[in-house]
Amino acid sequence: MIIAEQKGIEELIGILEGHKDILVVGCRSCVAICLAGGEKEVGVLSEALRLHSDMRSKGWNISEVTLERACEKEWAYELDQLVEGKDCVISLACGVGAQVIQELFPDVRVVPGLNTSNMGAPEEQGVYNEKCGGCGDCVLHLTGGICPIARCAKSLLNGPCGGSQEGKCEIDPEVPCAWDQIYHSLEKLGRLELMDVPIPPKDWGPSRSGGPRKMVRSEAILTDEQNRMKGGKR
Amino acid sequence: MRIIALVCSFCGYASADMAGVTGQSYPASVVPVRMPCTGRLDVSHILSAFRNGADAVMVVGCLEGNCNYQYGNIEARKRVEQARGILAQLGIDGERVEMFNIASNQGWRFAEAVKEMEGRVLRLGPGPVRR
């Protein structure tokens, strides 16, 4: 899932300067799980902005809605009626959702209410760890299910560096060394021999180094006729 | 002056009742709002109270360990802290909101808590929005 956290309200208030009719849009997917942009967070932020507006007599008209999944056009289209007459949308969806909303409604300014950070998972309620670097060339089968790209500070592929001390990374004594974790995971799996498999220099082409990525599943693309029949929006 | 007291059905409300039964006097500026459990409290309830003219907000739940729903009052305390953070960003003194844990038979403590909040409002001045 995508991990994000809310921007400070002071920063948001600065961004909103000059706007009057504001729609706060949340998303019930990843950002709801990391308690940054779900229905509750939308309610709290909206109420905080209303309070600020009343305190400073700004006359902001703030409404709120939470989409099922802001990153999919089918769901984001639900804003169709709601953005009518609004001059600003605060997106509490991730950066992807914010862009999809802006793309669908180019006449309304969409501002980000979140700082989108990484692809990770909840460790426990309220604690989220980065897990995947999205490199486009997965090596988890060689590394005991632990991603060295995202979880090693140096993204090393063939064992730890000298900064690995007692299972911790030199960047922070709280951060586990990914290669220490990989070793112990392979040990539990009885596959320590995989430590001897050299991983060759990585092709970073499928990662961000190759520019923005696009994936096409030609078999899934609807024909014009299918789109007409399904009433789909492209 | 208007102090909103968000009280749980079990101890908070009962302690306010007990204050009356035992003849404790407390400021008339308090408006108790009964909720099933302080675990139902949301940060937006606190913000909404201030937006609607409250000078202070007090949340009254059971003693810790005595919540009828196990840990609703512990959740409430965390939300009060969260609300304080948001109020600070809006330039509102966090002292205007407080969490109290009061047992149903401690009417005198409810009266004291209201007086404490009244004292804070007198010191800090009127709330952020006048209605």
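From a predicted model like this one, the values you see are computed outputs, not experimental measurements. Within every chain, residues take consecutive numbers counted from 1 along the sequence as written. Whichever chain is written first is A, and whichever ligand is written first is 1; the rest continue in order. Totals for whole chains, interfaces and linings use every residue, but because this is a predicted model, local features are given only for residues with pLDDT of at least 70 and side-chain atom pairs only at 80 or more, for both listing and counting. Hydrogen atoms and water are omitted, and side-chain values are computed over all heavy atoms in the structure.

1. Description of the overall build of chain B
Now for step 1: Secondary structure elements are defined from DSSP: runs of H or I of at least 4 residues count as helices, runs of E of at least 2 residues count as strands, and each element is numbered from the N terminus. The helix and strand tally for chain B stands at four helices and four strands.
Now for step 2: When the elements of chain B are put in sequence order from the N terminus, they spell out β-α-β-α-β-α-β-α.
Now for step 3: Scaling as 2.2 N^0.38, a compact globule of 131 residues should have a C-alpha radius of gyration of about 14 Å, and chain B matches this with 14 Å.
Now for step 4: Its C-alpha atoms put chain B at 35 × 30 × 20 Å along the principal axes.
Now for step 5: Out of the 131 residues in chain B, the part that is buried amounts to 53%.
Now for step 6: Note on contacts: a residue pair is in contact if any heavy atoms of the two residues lie within 4.5 Å. Nonlocal contacts in chain B, meaning residues at least 24 apart in sequence, comprise 81% of its contacts between residues at least 6 apart.
Now for step 7: When the accessible surface of chain B is totalled, it reaches about 5800 Å², and 48% of it is carbon and sulfur.
Now for step 8: Where the 15 positive side-chain charges of chain B centre and where its 12 negative ones centre are 5 Å apart. Taken over C-alpha atoms, the radius of gyration is set against a globule rule of 2.2 Å times the number of residues to the power 0.38. Partly exposed residues are those whose accessible area sits between 20% and 50% of the maximum for their type, while under 20% is buried and over 50% is exposed, using a 1.4 Å probe and protein chains only. Using the Shrake-Rupley algorithm and a 1.4 Å probe, accessible areas are obtained, with residue cover drawn only from the displayed protein chains. His is not counted here, nor are the chain ends, while Lys and Arg score as positive and Asp and Glu score as negative. Think of each charge as sitting on NZ of Lys, CZ of Arg, CG of Asp or CD of Glu.

2. Looking at empty space enclosed by the protein
Now for step 1: A 1.4 Å probe that fits but cannot get out identifies a cavity on a 1 Å grid over protein atoms alone, an open set with protein on both sides within 12 Å along at least five of seven lines counts as a pocket, and a residue lines either if it has an atom within 4 Å of a point. Grid points are joined across faces, edges and corners, and a volume is the space filled by probe spheres set on the points. In total, this model carries one cavity of 30 Å³ or more according to the counting rule given.
Now for step 2: Residue lining of the largest cavity: Cys8, Phe10, Pro36, Cys37, Thr38, Cys62, Cys67, Asn68, Tyr69 and Asn73 of chain B, and that is the complete set.

3. Topic: the layout of surface pockets
Now for step 1: The computed volume of the largest pocket comes to approximately 780 Å³.
Now for step 2: Along its surface, the largest pocket is lined by 26 residues, and Leu35, Ala36 and Glu41 of chain A together with Val43 and Gln82 of chain B are the ones closest to its centre.
Now for step 3: Within the residue set of the lining of the largest pocket, elements represented by two or more residues are strand E1 (2-6) and helix H3 (39-55) of chain A together with helix H3 (72-89) of chain B.
Now for step 4: When residues in the lining of the largest pocket are grouped by element, the largest group, seven residues, is from H3 of chain B.
Now for step 5: Any residue outside Ala, Val, Leu, Ile, Met, Phe, Trp, Tyr, Cys, Pro, Asp, Glu, Lys and Arg is labelled polar, Gly included; the first ten of those are nonpolar and the last four are charged. Residue composition of the lining of the largest pocket, by class: eleven nonpolar, seven polar and eight charged.
Now for step 6: Roughly 570 Å³ of internal volume is contained in the second largest pocket.

4. Some details on the sheet that holds strand E3 (residues 61-67) of chain A
Residues and elements named next belong to chain A.
Now for step 1: A pair of strands is treated as paired once DSSP finds two or more bridges between them. Across the sheet, which stays open at both edges, the four strands sit in the order E3-E2-E4-E5 with parallel pairing between neighbours. The open sheet is flanked by E3 and strand E5 (109-112), the only strands paired with a single partner. The sheet shows a mean angle of 25° between the axes of neighbouring strands, taken without regard to direction.
Now for step 2: Direction of pairing for strand E4 (residues 88-91) relative to E5: parallel, over a ladder of four bridges. Its bridge partner being in E5, serine 91 is matched across the sheet by proline 112.
Now for step 3: Inter-axis angles, ranging from 0 to 180 degrees, are taken between N-to-C directions of lines fitted to C-alpha atoms, where helices are fitted over the stretch in contact. Packed on one face of the sheet, H3 meets strand E2 (21-27), E3 and E4 and runs near 175° to E3.

5. Re helix H1 (residues 12-21) of chain B
Because an α-helix completes one turn every 3.6 residues, residues spaced three or four positions apart along the sequence face the same direction.
Residues and elements named next belong to chain B.
Now for step 1: Of all the residues in H1, the buried ones are Gly12, Ser15, Ala16 and Ala19. What you see down the axis of H1 is that its buried residues fit within an arc of 100°, all on one side.
Now for step 2: Contacts made by the buried residues of H1 are with strand E1 (3-8), strand E3 (56-61) and helix H4 (107-124).
Now for step 3: Among the residues trailing H1, glycine 23 stands out with phi positive, at a value near 75°. Starting at the helix axis, one direction is taken to each C-beta atom, and the arc is that of these directions.

6. Looking at the pairing of strand E7 (residues 127-132) of chain A
Successive residues of a regular strand alternate their side chains across the two faces of the sheet.
All names here are of chain A.
Now for step 1: Here strand E6 (residues 114-124) runs beside E7; their pairing, made up of five bridges, is antiparallel. Bridging across to E7, proline 122 finds its partner in tyrosine 128.
Now for step 2: From the end of E6 to the start of E7, which pair antiparallel, there are two residues, and glycine 126 there has a positive phi angle of about 95°.

7. Let's talk about the domain arrangement of chain A
Now for step 1: Those domain boundaries reflect an automatic or database domain assignment. Domains assigned within chain A are domain 1 (2-118) and domain 2 (133-204).
Now for step 2: Between the C-alpha centres of domain 1 of chain A and domain 2 of chain A the distance comes to 38 Å.

8. Brief notes about the environment of lysine 78 of chain B
All names here are of chain B.
Now for step 1: Relative to the assigned elements, lysine 78 resides in helix H3.
Now for step 2: Of the residues examined, lysine 78 reaches a relative accessible area of 47% and is grouped as partly exposed.
Now for step 3: Along the chain, lysine 78 and valine 43 lie 35 residues apart, while their C-alpha atoms are 9.6 Å from each other.

9. Description of H3 of chain B
Now for step 1: Given a rise of 1.5 Å per residue, 18 residues ought to cover 26 Å, and the 26 Å separating the end C-alpha atoms of H3 of chain B matches this to within 8%.
Now for step 2: Listed as buried for H3 of chain B are Gly72, Asn73, Glu75, Ala76, Arg79, Val80, Ala83, Arg84, Ile86 and Leu87 of chain B. Helices are assigned an expected span. That span is 1.5 Å times one less than the residue count.

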